[in-house]
Amino acid sequence: MMKAEGDGDEMADKLKVSITNAQKELKIPTGIRLLIRKCCHAVLQTEEMQGNYEVSVSFVDEEQIHKLNKEHRGKDMPTDVLSFPTGQDGNFDIDPDTGITLLGDIALSIPAVYRQAEQYGHSNRREFAYLTVHSMLHLLGYDHEESGIARVRMREKEEDVLSRLGLQRDASYVHE
């Protein structure tokens, strides 16, 4: 749990991660929901973000992610993960009733998780974590598509968070 700096009456910062399984074709392994929550927390800790946050994660199938990718990005193909930030340039929507900062939504393709884990030669757990961290960084404004430097910076952030979680890559692993 992150701690806020205060003057004596410190309050623990909170992150609410809502996870929905909107696909039925593949089983979600035990412990994955907890791993996703840990990944989301670790990104906020690494970025030294303080306050109360909320993020939504949906497990989707290939058809669902294809539709979302076409509808929101104009790309007529499936992908592995999509991020839908509520804010821009560090300014996020705030829930007026709770004061919680709404980071946005993540759509995670479960078939892609399994396929890519096998393709890259690592565990499904590592792939779930990688895609969650990657997507959280997108919610916070990181963009690997704008330039080579931005891509390297984002990869370094991803690996830093994954290493903190004990999920560092092996030397031969490269994820583009």
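Here, the structure is the one placed above.
Heads up: these notes are all about the structure in this document. (Residues numbered from 1 in each chain as written. Predicted model: local features only at pLDDT ≥ 70, side-chain atom pairs only at ≥ 80, totals over all residues. Heavy atoms only, no water.)

## Some thoughts on the overall build of the protein
And step 1. Check the secondary structure of the protein and you find five helices and five strands.
And step 2. Relative to its 176 residues, the protein shows a buried fraction of 42%.
And step 3. Taking the contacts inside the protein whose residues are at least 6 apart along the sequence as the reference set, 66% of them involve residues at least 24 apart.
And step 4. Of the roughly 9900 Å² of accessible surface on the protein, a fraction of 47% belongs to carbon and sulfur atoms. (Helix = DSSP H or I, 4+ residues; strand = E, 2+ residues; numbered from the N terminus. Buried < 20%, exposed > 50% of the residue type's maximum accessible area, 1.4 Å probe, protein only. Contact = heavy atoms within 4.5 Å. Areas by Shrake-Rupley, 256 points an atom, 1.4 Å probe, with all protein chains shown as cover.)

## Focus on the side chain of Ser 109
And step 1. Within the element layout of this structure, Ser 109 appears in strand 5 (residues 101-109).
And step 2. A residue is classified by how much of its surface remains accessible, and Ser 109, at 0% relative accessible area, is buried.
And step 3. Beyond its immediate stretch of four places on either side in the chain, Ser 109 contacts Val 60, Asp 61, Glu 62, Ile 65, Thr 79 and Asp 80.

## Description of the packing of aromatic side chains
And step 1. Counted according to the given criterion, the structure contains two aromatic pairs.
And step 2. A centroid spacing of 6.3 Å and a plane angle of 85° characterise the contact between Tyr 114 and Phe 128, whose relative ring orientation is edge-to-face. Of the two residues, Tyr 114 sits in helix 3 (residues 110-120) while Phe 128 sits in helix 4 (residues 124-139), which places them 14 residues apart along the sequence.
And step 3. Taken together, the aromatic side chains of Phe 59, Tyr 114 and Phe 128 make up a single cluster linked through ring pairs. (Phe/Tyr/Trp six-rings, centres within 6.5 Å; stacked < 30°, edge-to-face > 60°.)

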